[in-house]
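Structure at a glance
Given next are the chains, with one letter for each unit.
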Amino acid sequence: MIDQDKLKTMTQLALYEKKKGKKDFITYSYDRGDYIRFQGLKTAVFVTLAVIAVIGIILVWNLNTLIQNFDVLDYGRLFAIAGGSFALILFLYMYLSYRQCREEYNHMVPRIRRYQRGIKKLKKHYMIEDKQQRDFEKGEWRNGQ
């Protein structure tokens, strides 16, 4: 006979593993602080690359103007504006990344704990089945034990 509780537990565990479990298991392998720092580092690298790309596009777009006004441009002010913009954008994205990763980690921990409880519950089902199988093989089922 099929144990409905065991089947329900197995189904819930399989659905979790297939949907959110893959990402949660990877995330849970990190300490909370390490996970947030790693994601922050990735954010910093990608924001830096994006800002460099945007500045490159702006330079190429305005190349004719830059060449014509090469000797009269205030390069100090230009670099200050670019550096300040970069710092502001980087700070904003780092802050948003920190908040997002912290929330993500805090929501993931209860799901992992629920999964671990489900695994323990499933192990208990298997231990009971093994005991019943051993009792059956010994013939103890006849004695009503």
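Residues numbered from 1 in each chain as written. Predicted model: local features only at pLDDT ≥ 70, side-chain atom pairs only at ≥ 80, totals over all residues. Heavy atoms only, no water.

Overview of a nonpolar patch on the surface
We count it as follows: Patch rule: a residue counts if its relative accessible area is over 30% and it has no salt bridge; like charges are joined within 9 Å, and nonpolar side chains (Val, Leu, Ile, Met, Phe, Trp, Tyr) within 5 Å. Values of accessible area rely on a 1.4 Å probe in the Shrake-Rupley scheme; residue burial ignores everything except the protein chains shown. Any Lys or Arg side-chain nitrogen found within 4 Å of a carboxyl oxygen on Asp or Glu counts as a salt bridge. Strands here mean DSSP runs of E at least two residues long; helices mean DSSP runs of H or I at least four residues long; both are numbered from the N terminus. For every residue, the accessible area (1.4 Å probe, protein chains only) is compared with the maximum for its type, and the residue is labelled buried under 20%, exposed over 50%, or partly exposed between those bounds.
Together, Ile89, Phe91, Leu92, Tyr93, Tyr95 and Leu96 make up an exposed nonpolar region whose accessible area comes to about 620 Å². Mapped onto the secondary structure, Leu92 falls in helix H4 (residues 75-138). On the accessibility criterion, Leu92 (46% relative accessible area) is partly exposed.

Overview of the environment of Gln100
Mapped onto the elements of the fold, Gln100 is located in helix H4. The class for Gln100 is partly exposed, based on a relative accessible area of 47%. Considered as a pair, Gln100 and Ile26 are 74 residues apart in the sequence and their alpha carbons are 16 Å apart.

Overview of the side chain of Thr9
Our working definition: Two residues form a contact once any of their heavy atoms are found within 4.5 Å.
With respect to the helices and strands, the residue Thr9 is situated in helix H1 (residues 4-28). In this structure, Thr9 is in contact with Gly118, Lys121 and Leu122, ignoring residues within four places of it in sequence.

Section: the packing of aromatic side chains
Going by this rule: The aromatic pairing rule takes the rings of Phe, Tyr and Trp, using the six-membered ring of Trp, and pairs them if the centres are within 6.5 Å, calling planes under 30 degrees apart stacked, those over 60 edge-to-face and the rest tilted.
Enumeration over the complete set of coordinates arrives at seven aromatic pairs. Pairing Tyr35 with Tyr105 gives two aromatic rings, centres 5.8 Å apart and planes at 40 degrees, and the pair type is tilted. Taken together, the residues span a long stretch of sequence, with Tyr35 in helix H2 (residues 32-61) and Tyr105 in helix H4 at a distance of 70 residues. In this pair, the class of Tyr35 matches that of Tyr105, namely buried. Following the ring pairs from residue to residue traces out a cluster consisting of Tyr30, Tyr35, Phe38 and Tyr105.

Focus on the packing of H1 against H4
As a reminder, the rule being used: Angles run from 0 to 180 degrees between N-to-C directions of axes, and those axes are lines fitted to C-alpha atoms, restricted for helices to the stretch in contact. A crossing counts as left-handed when the near helix is turned anticlockwise from the far one by less than a right angle, and as right-handed when that turn is clockwise. Amino acids are sorted into nonpolar (Ala, Val, Leu, Ile, Met, Phe, Trp, Tyr, Cys and Pro), charged (Asp, Glu, Lys and Arg) and polar (every other residue, Gly among them).
Orientation of H1 relative to H4, taken along the N-to-C sense of each, is 145 degrees, at an axis distance of 9 Å. H1 and H4 meet at a crossing whose hand is left-handed. When the residues that make up the contact of H1 with H4 are grouped by side-chain class, the tally is 13 nonpolar, five polar and ten charged.

Quick word on the confidence of the model for the chain
Which entries qualify depends on this criterion: Scored from 0 to 100, pLDDT reflects the predictor's confidence in each residue.
When pLDDT is averaged along the chain, the result is 89; 95% of the residues meet or exceed 70. Per-element mean pLDDT across the chain ranges from 85 in helix H3 (residues 63-68) up to 94 in H2.

Remarks on the nonpolar core
One recurring pattern in soluble globular proteins: nonpolar side chains tend to sit buried together. Under the convention used in this document: Side-chain atoms within 4.5 Å link the members of a nonpolar core, which is a set of buried Ala, Val, Leu, Ile, Met, Phe, Trp, Tyr and Cys residues.
Core analysis: the largest hydrophobic core is formed by eleven residues, namely Leu13, Tyr16, Tyr35, Ile36, Cys101, Tyr105, Met108, Val109, Ile112, Tyr115 and Leu122. No other element matches the seven residues that H4 contributes to this core. Beyond its immediate stretch of four places on either side in the chain, Tyr35 contacts Lys23, Thr27, Tyr30, Cys101, Glu104 and Tyr105.

Observations regarding the environment of Arg77
Note on placement: Arg77 falls in helix H4. Taking relative accessible area as the criterion, Arg77 reaches 57% and is therefore assigned exposed. Between the C-alpha atoms of Arg77 and Leu88, which are eleven residues apart in sequence, the distance is 16 Å.

What to know about H4
Inclusion rule: The span one expects for a helix is its residue count, reduced by one, times 1.5 Å.
When the terminal C-alpha atoms of H4 are compared, their 90 Å separation across 64 residues agrees well with the 94 Å that a helix rising 1.5 Å per residue should span. Those residues of H4 that sit buried are Ser97, Cys101, Tyr105, Met108, Val109, Arg111, Ile112, Tyr115, Gly118, Leu122, His125 and Asp135. Taken together, the buried residues of H4 touch H1 and H2. Gly139 sits one or two residues past H4 and shows a positive phi near 90 degrees.

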